[in-house]
Amino acid sequence: MKLNRTQWASVTAVVLALLFAGGAVTVASADRDEAPKTPTAESADAGFARDMAVHHQQAVEMSFIVRDRTDDEEVRRLAYDIANTQANQRGMMLGWLDMWGLPKVQSGVAPMTWMGMGMEMGGEDGELMPGMATRAELDRLRKASGRAAEVLYLQLMTEHHKGGIHMAQGCVERCVPGVERDLAQGMVDAQQSEIKLMADMLGQHGA
């Protein structure tokens, strides 16, 4: 049976559609095969989520402390922004650990092991990661008020941010490409900006 020009056009369209569909299925299958697997408990992804959640919690705590120890609106606004941002990020990281079916605390493994550091923690003054305040420093912040509280908070948070940037950069270099690594890069950028802001605020306080 001979096909006229219109019929040939219809057949060609059907064949091309089938070929396109087959290619799409192949690509989709390849994407599934290449999709990143769930992180292991020892991975950089899981280690970063665990350690940064702890690191962020202290930043939230310090920000709530200073909020009640000063009437300086600029310091209170900064403290609110840091507390709100880091509490939300902490929730995201703990949510990822839940989604991956991994523990939020890994017994017997020192913090920062995923970065090749394996810091020794413990002691009378608290279990510290880079930039984290000691118990004694937190007690000083709780007892301070006014300008003294403002200056101490800005100094402690500057060091806290420096430690956080160090850890976030470790994830940028080691974590699997995706939302977590993007979040880590966002932390680096935002906290570098806040360090500059806090330096200006310390200058205004004569510190």
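Bear in mind the structure is a predicted one, so any value in this text is a computation, not a measurement.

With that settled, consider the environment of M167. Relative to the helices and strands, M167 resides in helix α5 (residues 146-174). Each residue touching M167, except ones within four places of it in the same chain, is listed here: F48, D51, M52, H55, M112, W114, M115 and M129.

Before going further, it helps to examine the packing of helix α3 (residues 73-100) against α5. One can describe the packing of α3 onto α5 by two numbers: an axis separation of 11 Å at closest approach and a directional angle of 35°. The way α3 lies across α5 gives a crossing that is left-handed. Listed contacts from α5 to V75, L78, A79, I82 and Q86 of α3 are E150, Y153, L154, M157 and H161.

This next bit is on the packing of aromatic side chains. Working definition: an aromatic ring pair is given by the centre-to-centre distance plus the angle between the planes. This model, assessed by the stated rule, comprises two aromatic pairs. For the pair F48 and W114, a centre-to-centre distance of 5.9 Å together with 80° between the ring planes defines the contact as edge-to-face. Here F48, found in helix α2 (residues 44-67), pairs with W114, found in the loop between α3 and α4 (135-143); they are 66 residues apart in sequence, far enough to count as distant. The two residues F48 and W114 agree in class, both being buried. Consider the rings of W96 and W100, whose centres lie 6.4 Å apart with planes at 20°: the pair is stacked.

Here a disulfide denotes one covalent bond, and it connects the sulfur atoms of two cysteines. Scanning all chains against the criterion turns up one disulfide. A sulfur-sulfur separation of 2.2 Å characterises the disulfide bridge that pairs C171 with C175. Because the sign of the S-S torsion sets the handedness, a value of about -120° for the bond joining C171 and C175 places this disulfide among the left-handed ones.

The next thing to look at is unusual backbone geometry. A positive phi angle is found at M112, which is not glycine, with a value near 75°. One can find M112 in the loop between α3 and α4. Assessed through its relative accessible area of 0%, M112 is described here as buried.

On to the nonpolar core. The biggest cluster of nonpolar side chains holds 51 residues, and the ones touching the most others in it are F48, M62, M93, Y153 and M167. Among the elements of the structure, α2, α3, α4, α5 and α6 (179-204) are those that each provide at least two residues to this core. The element best represented in this core is α5, accounting for 12 residues. Among all residues touching M93, those that are not within four sequence positions of it are F48, A49, M52, A53, H56, L183 and M187.

Basis of the calculations
The residue numbering used here restarts from 1 in each chain and proceeds along that chain's sequence as written. Whole-chain, interface and lining totals are the exception, using all residues; otherwise, since this is a predicted model, local features are given only for residues with pLDDT of at least 70 and side-chain atom pairs are given and counted only at 80 or more. Note that water and hydrogens are dropped before the side-chain values are worked out from all heavy atoms of the structure. Each helix corresponds to a stretch of at least 4 residues labelled H or I by DSSP, and each strand to a stretch of at least 2 residues labelled E; elements are numbered beginning at the N terminus. Contacts are residue-level and defined by heavy atoms, with any inter-residue pair within 4.5 Å sufficient. To obtain an axis, a line is fitted to C-alpha atoms, over the contacting stretch when the element is a helix, and the angle between two such axes runs from 0 to 180 degrees between their N-to-C directions. Take the far helix as the reference: if the near one is turned anticlockwise from it by less than a right angle, the crossing is left-handed, and if turned clockwise, right-handed. Any Phe, Tyr or Trp ring, taking Trp's six-membered ring, that has another such ring centre within 6.5 Å forms a pair; planes under 30 degrees apart are called stacked, those over 60 apart edge-to-face, and the others tilted. Burial classes follow relative accessibility: with a 1.4 Å probe on protein chains only, a residue under 20% of its type's maximum area counts as buried, one over 50% as exposed, and anything between as partly exposed. Two cysteine sulfur atoms form a disulfide, by the criterion used here, when they sit within 2.5 Å. Throughout this description, the term nonpolar core refers to a set of buried Ala, Val, Leu, Ile, Met, Phe, Trp, Tyr and Cys residues connected via side-chain atoms within 4.5 Å.

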